[in-house]
Amino acid sequence: MHAPHISENVWWIITVVTTALFFAIWLPILPTSKSRTQISLIPLLGVSFLSTLGKLRGHDLGTLLAIYSTVVLGLALGAIGRRADVRVAVRQGEDPLGTPAAKAEPANRRLTIQMSVAFLASFALWAWLTWGK
């Protein structure tokens, strides 16, 4: 099955929608304003990183928007339904994505597994959209 051709204008719309979805999922589940601020910086850092990478490697804007959208989609899908798990991890002083702190085990392996599966699915979607033509 061939991937659809998606124009740059449509990629902008997809980027805005996936960023809004990311904020709609992550901001309500985080218990502290510090953690909400940190998560809110992810899209800004992603845009900064990808624009620098794009200039260095010569990628077009459509490719960069596709990469950004699929990464942000993976982050959003990885947190759906894990409100309690994320809150426990943040309160224990751990990384909300499940990386263990030096003093304890991860608060929840299910969150780590869901994030991993979401990133694999997002990468597969990006690969299909990029190379499935």
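Note: the structure precedes this text.
Residues numbered from 1 in each chain as written. Predicted model: local features only at pLDDT ≥ 70, side-chain atom pairs only at ≥ 80, totals over all residues. Heavy atoms only, no water.

Teacher, can you tell me more about a nonpolar patch on the surface here?
A surface patch of nonpolar side chains, about 300 Å² in accessible area, is lined by L41, L44 and L45. With respect to the element layout, L41 can be found in helix α2 (residues 33–57). Looking at L41, the relative accessible area reads 41%, which means it is partly exposed. (Patch = residues over 30% accessible without salt bridge, like charges linked within 9 Å, V, L, I, M, F, W, Y side chains within 5 Å. Areas by Shrake-Rupley, 256 points an atom, 1.4 Å probe, with all protein chains shown as cover. Salt bridge = Lys/Arg side-chain N within 4 Å of Asp/Glu carboxyl O. Helix = DSSP H or I, 4+ residues; strand = E, 2+ residues; numbered from the N terminus. Buried < 20%, exposed > 50% of the residue type's maximum accessible area, 1.4 Å probe, protein only.)

What should I look at first to understand the nonpolar core in this one?
Nonpolar side chains tend toward joint burial in soluble globular proteins. Formed by 17 residues in total, the largest nonpolar core has its most connected members in F22, W26, I29, L30, I39, A79 and V86. At the level of secondary structure, the elements contributing two or more residues to this core comprise α1 (8–29), α2, α3 (61–79), α4 (83–91) and α5 (109–131). Counting residues per element, this core draws most heavily on α3, which supplies six residues. In this structure, A3, A66, W126 and L129 belong to the second largest nonpolar core, which totals seven residues. (Core = buried A, V, L, I, M, F, W, Y, C linked by side-chain atoms within 4.5 Å.)

Would you explain α1 in this entry?
A turn of α-helix holds 3.6 residues, and therefore any two residues three or four places apart point the same way. The terminal C-alpha atoms of α1, which comprises 22 residues, lie 32 Å apart, in line with the 32 Å expected from a rise of 1.5 Å per residue. Buried residues of α1: W11, T15, T18, T19, F22, I25, W26 and I29, and no others. Burial along α1 is one-sided: seen end-on, the buried residues are contained in an arc of 140°. Seen from the buried face of α1, the exposed residues on the opposite side, beyond 90 degrees, are N9, I13, V16, V17 and A24. Next to the buried residues of α1 lie α2, α3, α4 and α5. (Expected span 1.5 Å × (residues − 1). Arc of directions from axis to C-beta. Contact = heavy atoms within 4.5 Å.)

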